[in-house]
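What follows is each chain in one-letter form.
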Amino acid sequence: QVQLVESGGGLVQAGGSLRLSCAASGSIFSINAMGWYRQAPGKQRELVAVVTSGGRTNYADFVKGRFAISRDNAKNTVYLQMNSLKPEDTAVYYCKSEVMESKYYGRDYWGKGTLVTVSS
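Quick caveat: nothing in here was measured; it's all calculated off a predicted structure.

Trans peptide bonds make up most of the peptide bonds, and negative phi angles are found at most residues other than glycine. If you check the backbone angles, N76 has positive phi at about 50° while not being a glycine. Here N76 lies in the loop between β7 (67-72) and β8 (77-82). Phi is positive for S84, close to 50°, though the residue is something other than glycine. The class of S84 is partly exposed, set by a relative accessible area of 40%.

Set out below in structure tokens:
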């Protein structure tokens, strides 16, 4: 089994910054892509950003230039630096990791989420 634990959410004023972290632990052989998703009240979960094991990144258009995703492979941790936050960024942010538990078996794991609230 693998656990993903997010941290760093909270309440911030518009224009402010937050840094989210997500640490994976447990039966980990390797981790492929790691990403952040978010779900606002009444809306579907959507991709925010993803980073491959090689460091390639991809961002949703609505966060380009404001958010930055990074990872520390030695710590099995992914980060999301969020700058210039807007009220519409308010959501529960979830971490997802594509975890290989052995050379031949892998699956996706999700964290429980961390709430980000941006006040106007």
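Here the narrative resumes, following the displayed structure.
To describe a pair of aromatic rings, you give the distance between the ring centres and the angle between the ring planes. Summed over all chains, the structure comprises one aromatic pair. The residue whose ring lies beneath R45 is Y94, and the NZ or CZ to ring-centre distance is 3.7 Å.

Our next topic: the side chain of S97. Relative to the assigned elements, S97 resides in strand β9 (residues 91-100). Excluding anything up to four places from it in sequence, S97 contacts L4, I31, A33, M34, R107, D108 and Y109.

A few words now on the state of the cysteines. Scanning the model with the defined rule gives one disulfide in all. Through a disulfide, C22 is tied to C95; the S-S separation comes to 2.2 Å. Of note, the bridge from C22 to C95 carries an S-S torsion of about -75° and is left-handed in sense. Of the two residues, C22 sits in strand β3 (residues 18-26) while C95 sits in strand β9, which places them 73 residues apart along the sequence. C95 shares its class with C22; the two are buried.

Looking now at the sheet that holds strand β1 (residues 2-7). The four strands lie next to each other as β1-β3-β8-β7, forming an open sheet whose pairing is antiparallel. Taken across any chain shown, the strands that pair with only one partner, and hence form the sheet edges, are β1 and β7. Pairwise comparison of adjacent strand axes, ignoring direction, gives a mean angle of 15° for this sheet. Alignment of β7 against β8, held across six bridges, turns out to be antiparallel. Along β8, the bridge assignment pairs A68 with Q81.

A full pass over the atoms with the stated rule returns five salt bridges. The residue K64 makes a salt bridge to D61 at a minimum N-O spacing of 3.1 Å. What makes D61 exposed here is its relative accessible area of 64%. Taking the shortest distance from any N to any O, the salt bridge between D108 and K96 comes out at 3.6 Å. Remark: K96 occurs in strand β9 and D108 occurs in strand β10 (residues 106-110); sequence separation between them is twelve residues. Owing to a relative accessible area of 15%, K96 belongs among the buried residues under this scheme. Put simply, R38, E46, R66 and D89 are held in one network by salt bridges that share partners.

Definitions and limits used
Residues numbered from 1 in each chain as written. Predicted model: local features only at pLDDT ≥ 70, side-chain atom pairs only at ≥ 80, totals over all residues. Heavy atoms only, no water. Helix = DSSP H or I, 4+ residues; strand = E, 2+ residues; numbered from the N terminus. Buried < 20%, exposed > 50% of the residue type's maximum accessible area, 1.4 Å probe, protein only. Phe/Tyr/Trp six-rings, centres within 6.5 Å; stacked < 30°, edge-to-face > 60°. Lys NZ or Arg CZ within 6 Å of the ring centre and 35° of its normal. Contact = heavy atoms within 4.5 Å. Disulfide = S-S within 2.5 Å. Pairing = 2+ DSSP bridges. Axes fitted to C-alpha atoms, helices over the stretch in contact; angles between N-to-C directions. Salt bridge = Lys/Arg side-chain N within 4 Å of Asp/Glu carboxyl O.

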